[in-house]
Amino acid sequence: MRARMRVALLFLAAAVWVASAQTSNSSNQQQQQQRSIWDEPIRFTTKTKDSCTMVVSGAGDYTRLRVSCKGPSQGQTQGRSYYCDFQGKPNVCRAYNLNPRHYFTQVMWDMRKLSHACQGPKIYRPAMCKKYPEEAQMTFLASWPKTTTQKPSRPVQDPRKPVVPAPNKPVVPPQNKPVTTPKPVKPHQQPNKPQPGKGPTQPKKATPKPGKTTTRPTEQTDVKASRIANEYCWKSFHGVCTYFISWFQN
């Protein structure tokens with residue numbers, strides 16, 4: 001009975017020792033991962049050859065990221081310097097807890113494609129935690145110097161040329177003009193076109209109307225004599241009868 005109790009106690013002690021060893025190993029791994037993020041900054045170069053450094057730190061429940069960059073110097077003039085801060089709760093993402101350094105490495109891959117590391121998107125969504133809400137992403141917080149959009153500058157006037165103001169045109173008040181009715185347009189008469197094969201048409205001459213002819217008395221007597229001769233004389237004596245009848249009438 002006592003031997004069984006001893007064996008059970010030994011087995012329980014071994015199980016407790018194994019569990020404590022695993023928890024210590026996991027905590028050591030997490031500390032090493034955090035140290036690898038916080039102690040070893042991530043370095044990269046932008047599209048315009050700006051040398052940048054990413055440093056991760058803790059701020060309460062949030063994780064803060066600072067990106068500091070310095071541009072290349074050109075001759076005696078030094079390059080530009082700037083930085084920007086981001087913060088979020090990436091520990092909500094399960095993949096971040098397994099490999100937090102790779103989370104910020106994916107953010108770095110997006111920043112190195114920019115000409116200015118702090119003029120990118122306001123929220124970075126690494127692919128490993130893209131399905132998680134915005135609190136698991138790194139959100140823009142502040143930057144220095146503040147980026148301002150420059151207004152378009154006005155054209156500079158040449159000092160040698162005087163500025164001549166544009167002359168003001170006199171304003172003419174509208175006048176009430178009488179309403180004029182349009183005159184009817186007469187149709188335009190086109191000249192007669194000559195028909196093919198015929199000469200030009202000449203204007204027609206006005207033919208005088210025949211006037212009334214007055215019959216002479218002798219002519220009337222001859223007519224009566226001829227009518228009487230037709231009634232009372234033979235055809236063979238028609239001329240002779242007409243002559244004598246007209247002679248007697250005259």
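Model, not experiment: these values are computed from the prediction.

Caption draft 1: Summary view of the confidence of the model for the protein chain. Put simply, the protein chain has an average pLDDT of 75, and 54% of its residues get 70 or more. Per-residue pLDDT, averaged within each element of the protein chain, yields its smallest value for helix 1 (residues 2-38) (55) and its largest for strand 4 (residues 81-88) (97).

Caption draft 2: Region of interest: helix 5 (residues 238-249). In this model helix 5 runs 16 Å from its N-terminal to its C-terminal C-alpha over 12 residues, within 8% of the 16 Å that 1.5 Å per residue would give. For helix 5, the set of buried residues is Cys241, Thr242, Ile245 and Ser246. Relative to the axis of helix 5, the buried residues are bounded by an arc of 125 degrees and lie together on one face. For helix 5, the exposed residues lying more than 90 degrees away from the buried face are Gly239, Tyr243, Trp247 and Phe248.

Caption draft 3: Inspection of the pairing of strand 2 (residues 51-59) at higher detail. Taken together, the 4 bridges between strand 1 (residues 42-45) and strand 2 define a ladder with antiparallel strand orientation. Bridging across to strand 2, Phe44 finds its partner in Cys52. Turn length for the strand 1-strand 2 hairpin, with the two strands adjacent in sequence and antiparallel, is 5 residues, and the turn residue Lys49 shows positive phi of about 65 degrees. Bridge count for strand 2 against strand 3 (residues 62-70) is 9 bridges, and the pairing is antiparallel. Bridge pairing links Val55 to Arg66 in strand 3. Hairpin connection between strand 2 and strand 3: a loop of 2 residues separates the two successive antiparallel strands, and Gly60 in this loop has a positive phi of roughly 70 degrees.

Here is what the cut-offs are and how they apply
Residues numbered from 1 in each chain as written. Predicted model: local features only at pLDDT ≥ 70, side-chain atom pairs only at ≥ 80, totals over all residues. Heavy atoms only, no water. pLDDT = per-residue confidence, 0-100. Helix = DSSP H or I, 4+ residues; strand = E, 2+ residues; numbered from the N terminus. Expected span 1.5 Å × (residues − 1). Buried < 20%, exposed > 50% of the residue type's maximum accessible area, 1.4 Å probe, protein only. Arc of directions from axis to C-beta. Pairing = 2+ DSSP bridges.

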